[in-house]
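Residues per chain, in single letters:
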Amino acid sequence: MLKVALPVPRPMLFDYLERDGVAAQPGDRVVVPFGSRERVGVVLECAQASEMNAARLKRIVRVLDGAPRLSAEWLALMHFLSSYYQRPLGETVLSALPPRLRSTRPLPARRTEPPPAPSAACAPLGVEPNAAQAEAIARIAAAFGTFRAFLLHGVTGSGKTEVYLRLVARARETGGQALVLVPEIGLTPQLLARFRAAFPGERIALLHSALAEAARTHAWLDAASGAAGIVLGTRLAVLAPLARLALVVVDEEHDPSFKQQEGLRYSGRDAAIYRARLARCPVVLGSATPSLESWQNACAGRYERIVLAERAVPGARLPQVRTVDLREHRPAHGLAAPLVEAIRARLARGEQSLVFINRRGYAPVLACEACGWAAGCTRCSARLVLHAADVRLRCHHCGREEPIPRACPVCGNLDLRAHGRGTQRVEEALAALFPDARIARIDRDSVRRRGAIEAALDAAMRGEADILVGTQLLAKGHDFPALTLVGVLGADHALLSTDYRAAERLYATLAQVAGRAGRRDRPGEVLVQTRYPQHALFAALARHDYGAFAEAQLAERRAAGFPPWVHEAALRAEAKRLQTALAFLREVAASAPPPPDVRVYDPVPHLVTRRAGYERAQLLVQSRSRAALHRLLSRWSERLYASPSRAVRWHIDVDPIEFD
Ligand code: ADP
Ligand code: ZN
Ligand code: ZN
């Protein structure tokens, strides 16, 4: 008897009988009859007996052999993810497969070129490692063949990527595969280019969610068969089977985009660590601003910390970071005089400036001065953001769009005002100040099409703009040779946030965006506009002393009882009425009283309570004991899966990082 995960009617396990002459093993994809149709499922277990009436069981039809059998190691990863993140095993397995492998359609035709020979193909790498890099490489390489986790804490431009490349080359020498995870491929085309340049003969499997179906299927198959020596991708790449995994790298390990925010809410970083454990290989977590979780793990000796304290390019220095006190320098159109003058000086010298504001659109609020009305989304408890470029109001929570009203819908006042600012308004202000400068805005609105981000960033890199205005998109990975000034607007929003992770994220973002400046021989300068220049975060940032900042944050979190000092999970519910969601959460909490070492908080509405027409509430659970927390979560989810509710949509988020 076989237990088979099937995608219908919702992903779950079904029992099937074996067929004589067909040897099906766990990890095989099989065709089975389901209703009047045939479906593809994955065999998860060969069992002695079924709880079902044997007379009603059907037989499998055949085993599909177009793809390699999913290995025991891969299935073990699925078991771990399923139990850790509280999703049914069948769903976990099926959602990890590329869609094509879940269908009866034949797999897309294989590419014809043969897989390249390993190791011999590795091109000599461009630069000689410096002493710090050499030591990092030696320490990590010494762990090949065993599980060990390393935290590679290297300032921006310290040559972490060179370390990864050398380690990958080492792994390839012995025929091992390397798995390299990055937050977002579209933002780091340079990283891919460097891998391609370093390993010209190597097949590199790229895996990310924007791939077309055939490309994703190929990449997955190349990873599974071992034809690809290097697998490079976003968090979902951690779910690919790898026949000979020898090295795992997680670049920018602190990045929140490693956490999946729907379905199986896994952390790509944490899954990568578990994978390395299963494969008995080293895992390298790299960052200039490690997550406090990883920092804490390093302090506790669970990870080995390796530091790259200096920029790798001889002569390149870290940028000077300074605050601009907004109480002293009143900004005009969002820009304070010292920043304007600094930009003017760069223009005169033919150098590039970047103005960073982590909010797109023109202005976050459109309001009536006469009666106080403000444009809000009808489906969410959120304001509509004014987008001047395409003359729309847009909800950043549900995507709803509306035309801009000509008058206040309540009192008819014609004088509607835009409050606050986003990238478009900053671009407008800069254009008015510097009419002759070439200004390029780069955010999700300016680069909607696939490939447009790369094109815009490439143009900016070639120096085709004097001033760049942009969001997070500009902060990551890219190297702008002529950039010597970074201005930061709107940083205070994070300082005032109620989210305890906001400061950690602000530091990471500022360090990253600061890292864009002065990568070559010209020193960079960073000016952060703030009303709180005395804040400890800025002092640590100016000294490039992430350690001091991390220690201070950890002490605050310890006093307040926040992660990583406690383990946390959220149970969330959405319903048409808030009371329904809250009552649901209360009932679940009451169904299994928590053990003494687990703390269950009262359910509360989300900050943005209504989203896309649903009212949302959540309750938090915390414990110092991971095991105790998980025991309670398992009891809850068992009960929840057993009695599905029609009125409420719910999910459990283990190690949550978003709470809005
Ligand atoms: P990170 O990934 O830490 O930001 P990179 O690996 O991208 O740093 O390196 C930053 C720059 O330094 C790159 O231009 C890289 O070519 C250069 N670089 C790295 N290692 C060395 C080295 N040992 N000697 C000279 N230049 C180096
Ligand atoms: Zn009005
Ligand atoms: Zn909305």
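Residues numbered from 1 in each chain as written. Chains lettered and ligands numbered in written order. Predicted model: local features only at pLDDT ≥ 70, side-chain atom pairs only at ≥ 80, totals over all residues. Heavy atoms only, no water.

Novice: Would you mind showing me how to read the overall build of the chain here?
Specialist: From N to C terminus, the chain includes 17 helices and 28 strands. The C-alpha radius of gyration of the chain comes to 27 Å, within 12% of the 26 Å expected for a compact globule of 660 residues. Referenced to the eigenvectors of the C-alpha coordinate spread, the extents of the chain come out at roughly 80 × 65 × 50 Å. A burial count over the chain gives 54% of its 660 residues as buried. (Helix = DSSP H or I, 4+ residues; strand = E, 2+ residues; numbered from the N terminus. Rg over C-alpha atoms; globule rule 2.2 N^0.38 Å. Buried < 20%, exposed > 50% of the residue type's maximum accessible area, 1.4 Å probe, protein only.)

Novice: How should I be thinking about the coordination of the zinc ion (ligand 2) in this particular structure?
Specialist: Six octahedral donors around a metal ideally subtend angles of 90 or 180 degrees, whereas four tetrahedral donors ideally subtend 109.5 degrees. Those donors, Cys368 (SG), Cys371 (SG), Cys408 (SG) and Cys411 (SG), are the protein atoms that reach the zinc ion (ligand 2), and they lie 2.3 to 2.4 Å from it. Each of the four donor atoms bound to the zinc ion (ligand 2) contributes to angles spanning 104 to 116 degrees, and the resulting shape is tetrahedral. Counting the intervening residues between successive donors of the zinc ion (ligand 2) yields the motif C-x2-C-x36-C-x2-C. You can see Cys371 sitting in the loop between strand E15 (365-368) and strand E16 (385-387) and its partner Cys408 sitting in the loop between strand E18 (401-403) and strand E19 (416-419), a full 37 residues away along the chain. Given the relative accessible area of 38%, Cys371 is considered partly exposed. Since its relative accessible area comes to 4%, Cys408 is described here as buried. (Donors = N, O, S within 2.8 Å, 3.2 Å for Na, K, Ca; no water. Tetrahedral: all angles 85-135°; square planar, octahedral: opposite > 155°, others 65-115°.)

Novice: Is there a simple way to explain the coordination of the zinc ion (ligand 3) in this structure?
Specialist: In the first shell of the zinc ion (ligand 3), the protein supplies Cys377 (SG), Cys380 (SG), Cys395 (SG) and Cys398 (SG), at 2.3 Å from the metal. One way to put it: the four donor atoms around the zinc ion (ligand 3) meet at angles of 105 to 111 degrees, and that makes the site tetrahedral.

Novice: Help me understand the site of ligand 1 in this model?
Specialist: Every one of the 17 residues lining ligand 1 counts as a neighbour, but Glu128, Gln133, Lys160, Thr161 and Arg194 are closest to it. Interatomic distance of 2.9 Å between a backbone N/O atom of Gly157 and an oxygen atom of ligand 1. Contact distances for ligand 1 include 3.3 Å between an oxygen atom and a backbone N or O atom of Ser158. Coverage of ligand 1 by the protein chains reaches 81% of its 560 Å² of free accessible surface. A per-element tally of the shell around ligand 1 places helix H4 (residues 160-173) first, with three residues. (Near = heavy atom within 4 Å. Polar contact = N/O pair within 3.5 Å; in protein donor to acceptor, adjacent residues only side chain to side chain. Areas by Shrake-Rupley, 256 points an atom, 1.4 Å probe, with all protein chains shown as cover.)

Novice: Would you mind going over the confidence of the model for the chain with me for this structure?
Specialist: Any segment with low pLDDT has predicted coordinates that should not be analysed in fine detail. Taken residue by residue, the chain gives an average pLDDT of 91. The fraction at 70 or more is 96%. The low-confidence segment residues 118-123, where pLDDT is below 50, has twelve contacts with residues more than four positions distant or belonging to other chains. (pLDDT = per-residue confidence, 0-100. Contact = heavy atoms within 4.5 Å.)

Novice: Please clarify how the environment of Arg631 should be interpreted in this entry.
Specialist: By secondary structure assignment, the location of Arg631 is in helix H17 (residues 626-642). The sequence separation of Arg631 and His396 amounts to 235 residues, and the corresponding C-alpha distance is 37 Å.

Novice: It is not clear to me how the sheet that holds strand E3 (residues 29-34) should be interpreted in this structure. Could you clarify?
Specialist: The strands making up a sheet associate through backbone hydrogen bonding, with each pair oriented either parallel or antiparallel. The five strands are arranged E2-E1-E4-E3-E5 in an open sheet whose pairing can be described as antiparallel. Because the sheet does not close on itself, it has two edges, and the strands there are strand E2 (12-16) and strand E5 (62-64). Put simply, the sheet's adjacent strands are angled 45 degrees from each other on average, direction ignored. Across three bridges, the pairing between E3 and E5 is antiparallel. Pairing of Val30 across the sheet is with Val63, part of E5. Those strands touched by helix H2 (residues 89-96) are strand E1 (2-6), E2 and strand E4 (37-46), and its axis lies near 115 degrees from that of E4. (Pairing = 2+ DSSP bridges. Axes fitted to C-alpha atoms, helices over the stretch in contact; angles between N-to-C directions.)

Novice: Got a minute to help me understand unusual backbone geometry in this structure?
Specialist: Leave glycine aside and you will find that most residues have negative phi; peptide bonds, for their part, are mostly trans. For the bond running from Pro563 to Pro564, omega is 5 degrees, close enough to zero to count as cis. Tracing the chain through its elements places Pro564 in the loop between helix H15 (546-560) and strand E24 (567-575). In this structure, Gln86 is a non-glycine residue whose phi angle is positive, near 60 degrees. Note that Gln86 resides in the loop between helix H1 (72-84) and H2. Gln86 gets classed as buried once you look at its relative accessible area, which sits at 7%. Residue Glu252 is not a glycine yet carries a positive backbone phi of 55 degrees. Note on placement: Glu252 falls in the loop between strand E10 (245-251) and helix H7 (268-279). Using a relative accessible area of 17% as the deciding quantity, one classes Glu252 as buried.

Novice: For this particular structure, what's the right way to read the packing of helix H8 (residues 292-299) against H15?
Specialist: Packed helices, taken two at a time, are described by their axes: the angle between them and the distance between them. It is the contact of H8 with H15, at a shortest axis distance of 11 Å, that shows an interaxial angle of 95 degrees. Looking at the two axes, H8 sits roughly perpendicular to H15. In this structure, H8 uses Leu292, Trp295, Gln296 and Cys299 to contact H15, whose residues at the interface are Tyr546, Gly547, Ala550, Glu551, Gln553, Leu554 and Arg557. Considered class by class, the residues forming the contact of H8 with H15 number six nonpolar, three polar and two charged. (Parallel < 35°, antiparallel > 145°, perpendicular 65-115°, else oblique. Nonpolar A, V, L, I, M, F, W, Y, C, P; charged D, E, K, R; others polar.)

Novice: Explanation requested: the sheet that holds E16 in the structure shown.
Specialist: Pairing is antiparallel in the open sheet, where three strands are placed in the order E16-E17-E18. Edge positions in the open sheet fall to E16 and E18, since each of these has one partner strand only. On average, each strand axis in the sheet is tilted by 30 degrees relative to the strand beside it, whichever way the strands run. Pairing between E16 and strand E17 (residues 392-394): three bridges, direction antiparallel. Counterpart to His387 in the pairing with E17 is Arg392.

Novice: How should I be thinking about the domain arrangement of the chain in this particular structure?
Specialist: Note: interface size is frequently given as the accessible area lost on complex formation between the parts. Per the domain assignment, the segments making up the chain are domain 1 (2-102), domain 2 (118-308), domain 3 (320-549) and domain 4 (567-654). Distance from the C-alpha centre of domain 1 to the C-alpha centre of domain 2: 30 Å. Contacts between the two partners involve 19 residues from domain 1 and, on the opposite side, 22 residues from domain 2. Here domain 1 and domain 2 share an interface that buries about 1900 Å² over both sides, 71% of which is from carbon and sulfur atoms. Area buried by domain 1 at its contact with domain 2 is led by Glu73, Leu77 and Tyr85, which between them contribute 29% of it. Note that Arg100 and Glu213 form a salt bridge whose closest N and O atoms lie 2.9 Å from each other. Taken together, the connections running from domain 1 to domain 2 amount to three residue pairs in polar contact (both at pLDDT 80 or more). (Domains from an automatic or database assignment. Buried area = accessible area lost by both parts, 1.4 Å probe. Salt bridge = Lys/Arg side-chain N within 4 Å of Asp/Glu carboxyl O.)

Novice: Got a minute to help me understand the packing of aromatic side chains in this structure?
Specialist: Enumeration over the complete set of coordinates arrives at 13 aromatic pairs. With a centroid separation of 4.5 Å and 20 degrees between ring planes, the pair formed by Tyr507 and Phe549 is classed as stacked. One end of the pair, Tyr507, is in helix H13 (residues 502-514); the other, Phe549, is in helix H15, with 42 residues separating them in the sequence. Among the residues examined, Tyr507 registers a relative accessible area of 2% and is labelled buried. Centre to centre, the rings of Tyr546 and Phe549 are 5.9 Å apart; their planes meet at 45 degrees, and the pair counts as tilted. With Tyr546 and Phe549 both in helix H15 and three residues apart, this pair spans about one turn of that helix. Looking at Arg305, its charged tip hangs above the ring of Trp295, at a distance of 4.4 Å from the centre. (Phe/Tyr/Trp six-rings, centres within 6.5 Å; stacked < 30°, edge-to-face > 60°. Lys NZ or Arg CZ within 6 Å of the ring centre and 35° of its normal.)

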